[in-house]
Amino acid sequence: MKKIIAVAAMAAMVVSMTACGSKAADTGAEATAEAVAATEAATQTAETTEAATENVAANGTLIMATNAEFPPYEYREGDQIVGIDAEIAQAIADELGMELQIEDMQFDSIIAAVQTGKADIGVAGMTVTEDRLQAVSFSDSYTQAAQVIIVKGDSAVATPDDLKGKTVGVQLGTTGDIYAEDIEDVTIDRYNKGFEAVQALLQDKVDAVIIDREPANVFIEENEGLKVLDEEFTVEDYAICMAKDNTDLLDKVNTALASLKESGKLDEIKAKYITAE
Ligand code: ARG
């Protein structure tokens, strides 16, 4: 495995050198074909190296890491990943003249994916937190969000304070998970998918679910007998994460975001998926 990565990385360097210098035709078709094949291998490799990352940009492909279990921000429709984040990332890629490629993974793998260069950006309804800022950088915020509490329609839990001593379901590694730890005497049941936490609530395995507002709205619409409490658990900001040393990309993403805000495109994308009540 290691050897394949090294070879791919070298080939990737060849390609990016080629891209800077003369046209591919001058370098011999064979070497180029080999380099391209190796480059493809490199982009598919879990532990992509820095050289390969640079090559991704040279190829004009922007790789987005996400966790498509989070409607309306990212979810699957057939074999497509759609939603607000997918469209925002596409609009950013368009602004940058790049091709967008989406990689679906566990939510708690996204930060590592951008740190190691497996992905260029993480777009996953990801909340900016102090802890995450130690590991990655974040773009300007593109949405205000909140953690809310879902309970059964007949639940005695009416405010965040009522969660004391209760069992709460969350999606692993999310801010719902992190902030639930502050609740006194709480038991936290962690699920890989937010929807699984909601199913646990329907089956009375947990007393409440703490999750982001918009997914909560989707889940209660799709399932009878659930409600979202009025009082928010926390208020947060969503932003796009990137490797800390990728300051060039950070500038580009922020410029693209600013232009999408300015043109009204960002609001248009949100309005397509979120209907104001
Ligand atoms: N906003 C929360 C967080 O940053 C949850 C995000 C979950 N996103 C997802 N695509 N599953 O932790």
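Anything mentioned here points back to the structure above.
Scope of this entry: the structure provided in the associated data block.

Thresholds, definitions, all that
- Each residue is numbered by its place in its chain's sequence as written, counting from 1.
- In keeping with the predicted nature of the model, local features appear solely for residues at pLDDT of at least 70, side-chain atom pairs appear and are counted solely at 80 or more, and the whole-chain, interface and lining totals rest on all residues.
- To get the side-chain values, all heavy atoms of the structure are used, and hydrogens and water are removed first.
- For helices the rule is a DSSP run of H or I covering at least 4 residues; for strands it is a run of E covering at least 2, with both sets numbered from the N terminus onward.
- We call two residues in contact when some of their heavy atoms are within 4.5 Å.
- Accessibility here uses a 1.4 Å probe with only protein chains present; expressed as a share of the type maximum, an area under 20% marks a residue as buried, one over 50% as exposed, and anything in between as partly exposed.
- Whether a residue is near a molecule or strand depends on its heavy atoms: it is near if one of them lies within 4 Å of it.
- As used in this structure description, the phrase polar contact means that two N or O atoms lie within 3.5 Å; if the pair is within protein, one of them must be able to donate a hydrogen and the other to accept it, and residues adjacent in sequence are counted only when both atoms belong to side chains.
- Accessibility throughout is a Shrake-Rupley quantity obtained with a 1.4 Å probe, and a residue counts as covered only by protein chains that appear here.
- As a working rule, the residues Ala, Val, Leu, Ile, Met, Phe, Trp, Tyr, Cys and Pro are called nonpolar, Asp, Glu, Lys and Arg charged, and the rest polar, with Gly in that last group.
- Remark: nonpolar core denotes a set of buried residues (Ala, Val, Leu, Ile, Met, Phe, Trp, Tyr, Cys) joined through side-chain atoms within 4.5 Å.
- Strand pairing is defined by DSSP finding a minimum of two bridges between the two strands.
- Any two of the Phe, Tyr and Trp rings considered here, Trp counted by its six-membered ring, make a pair once their centres fall within 6.5 Å; the pair's planes then place it as stacked at under 30 degrees, edge-to-face at over 60, or tilted in between.

## What to know about the environment of Leu257
- Among the structural elements, Leu257 can be located in helix α10 (residues 247–263).
- Linking Leu257 and Ile88, residues 169 residues apart in sequence, is a C-alpha distance of 8.4 Å.
- Beyond its immediate chain neighbours, meaning those up to four positions away, Leu257 contacts Ile88, Ile92, Ser139, Asp140, Tyr142 and Ile240.

## Examining unusual backbone geometry
- The amide bond that connects Pro71 to the next residue, Pro72, takes the cis arrangement and shows omega of 5 degrees.
- Note that Pro72 resides in the loop between β2 (69–70) and β3 (74–77).
- A positive phi angle is found at Asp185, which is not glycine, with a value near 55 degrees.
- With respect to the helices, strands and loops of the structure, Asp185 is situated in the loop between α7 (175–180) and β10 (187–191).
- Backbone geometry at Asp204 places phi at a positive 60 degrees, although glycine is not the residue there.
- Here Asp204 shows up in the loop between α8 (194–202) and β11 (208–212).
- What makes Asp204 exposed here is its relative accessible area of 56%.

## Description of the site of the ligand
- Taken together, 15 residues lie near the ligand, and Asn67, Thr127, Arg132, Thr175 and Asp212 sit nearest.
- Residue Arg132 places a side-chain N or O atom 2.7 Å away from an oxygen atom belonging to the ligand.
- Between the ligand and the protein, one listed contact pairs a nitrogen atom with a side-chain N or O atom of Gln171 at 3.1 Å.
- When the ligand is considered free in solution it has 350 Å² of accessible area, and contact with the protein chains removes 100% of it.
- Partitioning the shell around the ligand into residue classes produces five nonpolar, six polar and four charged.

## Topic: the nonpolar core
- Grouped together as the largest cluster of nonpolar side chains are 29 residues, with contacts concentrated most on Leu62, Ile88, Ile92, Ile121, Tyr142 and Ile240.
- Those residues within four positions of Leu62 in sequence are excluded, and the remaining contacts are Ile92, Ala93, Met98, Glu99, Leu100, Gln101, Asp120, Ile121 and Leu249.
- Core analysis: the next-biggest nonpolar cluster, separate from the first, contains 15 residues, Ile63, Ala124, Val136 and Ala239 among them.

## Side note on the sheet that holds β3
- Spatially, β2-β3-β4 is the arrangement adopted by the three strands of the open sheet, whose pairing is antiparallel. Each edge of the open sheet is held by one strand with a lone partner, namely β2 and β4 (80–82).
- Across three bridges, the pairing between β3 and β4 is antiparallel. Paired with Tyr75 across the bridge in β4 is Val82.

## Some words on the packing of aromatic side chains
- Evaluated as defined, the whole model comprises five aromatic pairs.
- Consider the rings of Tyr75 and Tyr273, whose centres lie 6.5 Å apart with planes at 85 degrees: the pair is edge-to-face. Linking Tyr75 in strand β3 with Tyr273 in helix α11 (residues 265–273), this pair joins segments that are 198 residues apart in sequence.
- Look at Phe195 and Phe219: their rings are 5.9 Å apart centre to centre, the planes differ by 45 degrees, and that puts the pair in the tilted class. Taken together, the residues Phe195 in helix α8 and Phe219 in helix α9 (residues 213–222) connect sequence positions 24 residues apart.
- Overall, Phe219 belongs to the buried group, its relative accessible area being 3%.
- By the ring-pair criterion, three or more aromatic residues cluster together here, those being Phe70, Tyr73, Tyr142 and Tyr238.

## Observations concerning the pairing of strand β13 (residues 234–238)
- On β13, burial follows the alternation: Thr234, Glu236 and Tyr238 on one face are buried, whereas Val235 and Asp237 on the facing-out side are not.
- Direction of pairing for strand β8 (residues 143–152) relative to β13: antiparallel, over a ladder of five bridges. Looking at the pairing, Gln144 lines up with Asp237 of β13.

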